[in-house]
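The residues making up each chain are set out below.
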Amino acid sequence: MNTSNTLRKLSYFLSLLLVVVLVSCGGKKKDEDDESDTKDGAAPAAGMATVDMANGATIMGAVKLDGKAPDNKAIKMEADPVCKTAHPSGAMEDHWMVGAGNEVANTFVYIKDGLGGKTYAAPTTVQKLDQHGCQYEPHVFGVMVGQKISIVNSDQTLHNIHAHGEKNEQFNEGQPAGSSAKERSMDKVEVMVPIKCDVHGWMNCYAGVLNHPFFAVTGKDGKFEIKGVPPGEYTVTAWHETLDGKGESIDMKVTVAAKDSKTADFTLKAQ
Ligand SMILES: [Cu+2]
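First, a word on scope: everything that follows refers to the structure included in this document. Since the model is a prediction, treat every value here as computed from it, not as a measurement. (Residues numbered from 1 in each chain as written. Predicted model: local features only at pLDDT ≥ 70, side-chain atom pairs only at ≥ 80, totals over all residues. Heavy atoms only, no water.)

Description of the coordination of the copper ion
Metal coordination angles in their ideal form are 109.5 degrees for the four-donor tetrahedron and 90 or 180 degrees for the six-donor octahedron.
Right, on to step 1. Bound to the copper ion on the protein side are His 159 (ND1), Cys 197 (SG), His 200 (ND1) and Met 203 (SD), at distances that span 2.0 to 2.7 Å.
Right, on to step 2. Around the copper ion sit four donor atoms; with metal-centred angles ranging over 92 to 136 degrees, the donor geometry is irregular.
Right, on to step 3. The sequence motif formed by the donor residues of the copper ion is H-x37-C-x2-H-x2-M. Across the pair, exposure class does not vary: Cys 197 and Met 203 are buried alike. (Donors = N, O, S within 2.8 Å, 3.2 Å for Na, K, Ca; no water. Tetrahedral: all angles 85-135°; square planar, octahedral: opposite > 155°, others 65-115°. Buried < 20%, exposed > 50% of the residue type's maximum accessible area, 1.4 Å probe, protein only.)

Printed below as a string of structure tokens:
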């Protein structure tokens, strides 16, 4: 009797022990699965680099033109009275925006190579692209992959926004006067994505799409500044659309240490 009771208790204890062992094995298996999920990039922030503004270097410089700037042509806007009225003294093409000292505006300057495959998260700031006076503002801009672009029609006429990306999916949509802003983004690195209006043949602009924030567009003084660059050896590239719209790129090797400030001046040749 006693022996039987003892065996029953032992059997019960062993069953409990087996259950505990099975559960703990199952638990361990789950932990391992969770770890492998993280390695596969399941967590949203995994693998994303961050900009260190305090220790990063600054690359700055100016873009100038060697030679006389080709003339920008007058744009004939007679086909759309709304466009023509917006420019009482006439509108000019904006391929070349060259100052008195040959400074070139609207040049896209960016790190083309050297970041070692680092990818940065898109900022929450929205890039505005306005259609104003039947021209795009800005004419050249940079965005990060996934960054929102708010496309606005400030004119009392119909525009048609048509992005001609080769890597990014094209979009082509009408935007009547008074309609609300359209929000779009691009999901592939591409320099540059031409954007045109199918209604007004003269309207064009360019978006540079990158997976890092190290880019700038030259102002009317021809100057640019790129901040927070991690120490390293880079190919910095200046892109200008040129008259044919195909664009011209100039590469330059730039090496920076932490907190460095390096100058990179570019010279475009007049066509
Ligand atoms: Cu238009």
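Still to come is the rest of the account.
Quick notes on the state of the cysteines
Right, on to step 1. A complete count under the given rule lists one disulfide for this structure.
Right, on to step 2. For Cys 83, the disulfide goes to Cys 134, at an S-S distance of 1.9 Å. Taking the sign of the torsion about the S-S bond as the criterion, the disulfide between Cys 83 and Cys 134, at about -75 degrees, is left-handed. Pair noted here: Cys 83 is in helix 2 (residues 81-85) and Cys 134 is in the loop between strand 7 (127-132) and strand 8 (135-137), with a separation of 51 residues, a long-range link. (Disulfide = S-S within 2.5 Å. Helix = DSSP H or I, 4+ residues; strand = E, 2+ residues; numbered from the N terminus.)

Structural notes on the sheet that holds strand 13 (residues 182-184)
Right, on to step 1. The strand order across the open sheet formed by four strands is 8-7-10-13, and the pairing between neighbours is mixed. Only two strands of the sheet have a single partner each, and these edge strands are strand 8 and strand 13. Neighbour-to-neighbour, the strand axes of the sheet open up by a mean angle of 25 degrees, direction not taken into account. (Pairing = 2+ DSSP bridges. Axes fitted to C-alpha atoms, helices over the stretch in contact; angles between N-to-C directions.)

Looking at the side chain of His 200
Right, on to step 1. With respect to the helices and strands, His 200 occurs in the loop between strand 14 (190-197) and strand 15 (204-210).
Right, on to step 2. Accessibility expressed as a relative area gives 3% for His 200, which makes it buried.
Right, on to step 3. Sequence-distant contacts of His 200, defined by excluding residues within four places in its chain, comprise Asp 80, Cys 83, Cys 134, Thr 157, Leu 158 and His 159. (Contact = heavy atoms within 4.5 Å.)

Some words on the environment of Ala 62
Right, on to step 1. In this fold, Ala 62 is placed in strand 2 (residues 57-66).
Right, on to step 2. For the pair Ala 62 and Glu 225, spaced 163 residues apart in the sequence, the C-alpha separation amounts to 8.8 Å.

Notes on the packing of aromatic side chains
How two aromatic rings sit relative to each other is given by the distance of their centres and the angle of their planes.
Right, on to step 1. Taken as a whole, this structure holds five aromatic pairs when the rule is applied.
Right, on to step 2. Relative to Phe 215, the ring of Phe 108 has its centre 5.8 Å away and its plane inclined at 35 degrees; by these criteria the two rings are tilted. Residue Phe 108 is found in strand 5 (residues 108-113), and its partner Phe 215 is found in strand 16 (residues 215-217); the two are separated by 107 residues along the sequence.
Right, on to step 3. Through a chain of ring-to-ring contacts, three or more aromatic side chains come together here, namely Phe 108, Tyr 110 and Phe 215. (Phe/Tyr/Trp six-rings, centres within 6.5 Å; stacked < 30°, edge-to-face > 60°.)

Observations regarding empty space enclosed by the protein
Right, on to step 1. All told, the structure shown has one cavity of 30 Å³ or more when counted by the stated rule.
Right, on to step 2. Size it by volume and the largest cavity reaches roughly 30 Å³.
Right, on to step 3. Lining the largest cavity, in full, are Leu 129, Phe 141, Ile 149, Ile 151, Phe 171, Arg 184 and Ile 195.
Right, on to step 4. Considering only residue class, the lining of the largest cavity consists of six nonpolar, no polar and one charged. (1 Å grid on protein atoms, 1.4 Å probe; cavity = no way out; pocket = protein on both sides within 12 Å on 5 of 7 lines; lining within 4 Å. Points joined across faces, edges and corners; volume = space filled by probe spheres on them. Nonpolar A, V, L, I, M, F, W, Y, C, P; charged D, E, K, R; others polar.)

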